[in-house]
Each structure stands twice: as structure tokens, then as C-alpha cells.
Amino acid sequence: MGYLALDFWCRTKLPSSPLGRRYDHPCFQNVPPTKFFLQFRADTRIYASKSSPKKVKKSKELQKIVNPQLAESSLDEQNGISDKPSPTDSVNNLESQASVAIASRSFVLQACTVTSGFIAFMGVIIRQGSHLASSQGWPIADCSSEISFNFEIWHLQLIAGLVILISFSRLLLLKTWSDFAESSEASNQQVLTSLEPLDYAIVAFLPGISEELLFRGALLPLFGTNLISATAVAALFGILHLGSGRKFSFAIWACFVGLAYGYATILSSSLLVPMASHGINNLIGGVIWRLTHPSYEKTDV
């Protein structure tokens, strides 16, 4: 349940405060307001007269004689010093414990497989649709011919350069940008905590392959293999990375990464370059997070 839903639920389910309640009860009807408040003031005087200062003082003295510790605790409560946690403290503790919901291993693997399959399916549909439309003479770029799956030896250097650039940039931002560090930590806790070591390869390469097939293999050549198209696709790539504890800083980071992958795709005209770079960078980031959080408690939700 989100914070807005929780706030709405509290406002609708909990009774309203006496100060804001409408007095529509039959006992309050046909009673002038002045008469009602005068009666209320008289009642308070009656209740106050029942416990005079002398009686209160005498009861405190008797309480000290019978049980001094109980008297001291009552005095602390009257002075506002109590060891019992206040409702505000308990609410804050609950909010801190439920700030990040950790997904179970089966849920993460299932969500990763289904989502990656859907993204890859969309990429294949766009690539094949553009190929058929281009062969029929429509003024649409053939995505499959613009960006292919060819591979050359020098592509290894490009892949290595992307891995070094993105991995070191991530480490630098984690050290210097607190907002980005919080977003990354929330996302990693939610997804990676319940995984086994071999699962990291699955959640690293399945999204890397499927996302590059859609964004750099279909959308980029469809809009044009140039820097303007690469920037537009990178901006869309960054916006879609919002949510699940990720803040706007994480979207900016995703835009930068998407632009780097897009530029490498234009240089190589190969979809294997961004796919391999994306998957390796995901794997490095996940492994580094696990090595720096060895004792993190697994709690599936």
C-alpha cells in the first residue's frame, strides 16, 4: 500500500476528531449552541470539584509510602519523561522497516523473464515490421539492415571501453551523489537480495539483451541512426527507469547510459555491442553490490 493510499485509508476509516465532528446526533438537536456550551462548562466544573488539590496531595503521599517506584514512574509520566515508546516512534519504526519491500527469488526471476520476453517481442515486431514496410516501398527505414548482428574483432575494444566507462562512472556517482546512491540502493535491495549467485547472470543479461533489441535495435534505426535519434531514445530509456524506489537521479543516469549505448551502436552498426556491454555492466553492478552487502538479511515479501 502506497503512502497516498495509506493516508486516504486513514482519513476514511478512522473516526474524525471531536473538534471537526458535526453534531447531528438526536441528543444535540433542538439545543441552542450557547446553552450546549454553557452546560458543557458546568459539567467540567463538577468533574473538577471531585478531585480537590488536598485529595490529590494526600493520594500522592500514600502512594510514596506504599510503592516508591510506582510513584516515581507516575511523576515521570506527569513530567513528560516516559520510557514507553510514543505512537509517533512506533510509526516511524514501521515506516523505516517497510521502506523497501524485498521481492522473493521466484517473483524476481518470473518478472524478469516475462518483462524481458515482452520487450524482446516488441523489438522483433518493430524490426520485422519495418523490414516488410521497407520492402513494399514505404518510406520507412529497414531496422534489420541498418543495425544488424554482425561482429568484428575491433568490437571487443568498443565493448571493453563501454564497460570501463559505465562501471567507473557508476562507482564515482555512488560516492559523490547521495540521491543516486539512495535510488540504486533501494532498487538493488528490492531485486537482488533474495537471488542466488547464478541468478545474477539471468537478471543481468536477459534485460540487457531485450532492452537493447527494442531501444537500440528497433527504435534507434526507426528514428534515424544519428545522435539526435540516439538522444531521444536515451531520454525515453531513462524515463522508463523511474519507479520502484528509483528517483529522478536514476533516470538521468539511465539517459547517460542509453546515450553511450546508442553512440556505440551507431559506430559499430552492430546490435551485439550494446547487448554485450549492457549485460556485462549489469552483472558487474550486481556482483559489486553483493560483495559489499554480504550480511544483508534475506526477507522475502
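In this report, we go over the structure that sits alongside the text.

Here is what the cut-offs are and how they apply
- Residues numbered from 1 in each chain as written.
- Predicted model: local features only at pLDDT ≥ 70, side-chain atom pairs only at ≥ 80, totals over all residues.
- Heavy atoms only, no water.
- Helix = DSSP H or I, 4+ residues; strand = E, 2+ residues; numbered from the N terminus.
- Buried < 20%, exposed > 50% of the residue type's maximum accessible area, 1.4 Å probe, protein only.
- Contact = heavy atoms within 4.5 Å.
- Polar contact = N/O pair within 3.5 Å; in protein donor to acceptor, adjacent residues only side chain to side chain.
- Phe/Tyr/Trp six-rings, centres within 6.5 Å; stacked < 30°, edge-to-face > 60°.
- Lys NZ or Arg CZ within 6 Å of the ring centre and 35° of its normal.

Points about unusual backbone geometry
Of note, the phi angle at serine 269 is positive, near 55 degrees, even though the residue is not glycine. Along the chain, serine 269 turns up in the loop between α12 (248-268) and α13 (272-292). By relative accessible area, which is 31% here, serine 269 ends up partly exposed.

Remarks on the environment of asparagine 281
Positionally, asparagine 281 belongs in helix α13. Between the alpha carbons of asparagine 281 and leucine 162 there is a distance of 8.6 Å; along the sequence they are 119 residues apart. Those residues within four positions of asparagine 281 in sequence are excluded, and the remaining contacts are Leu162, Val163, Ile166, Ser167, Arg170 and Tyr261. Among the polar contacts listed, one links the side chain of asparagine 281 to the side chain of serine 167, at a separation of 3.0 Å. Within polar-contact distance, the side chain of asparagine 281 engages the backbone oxygen of serine 277 at 2.9 Å.

So, the packing of aromatic side chains
Under the criterion given, the structure shown has five aromatic pairs. Seen from their ring centres, phenylalanine 180 and tryptophan 253 are 5.6 Å apart, and the 55 degrees between their planes marks the pair as tilted. Here tryptophan 253 lies in helix α12 and phenylalanine 180 lies in helix α9 (residues 178-192), a separation of 73 residues in the sequence. Tryptophan 253 matches phenylalanine 180 in its accessibility class, with the two residues each being buried. Each residue in the set Trp177, Phe180, Phe250, Trp253 and Phe256 is aromatic and connected to the rest through ring pairs, giving one cluster. Above the ring of phenylalanine 237, the side-chain terminus of arginine 216 is found at 4.7 Å from the ring centroid.

Without other data, these values stay purely geometric and don't point to any function.
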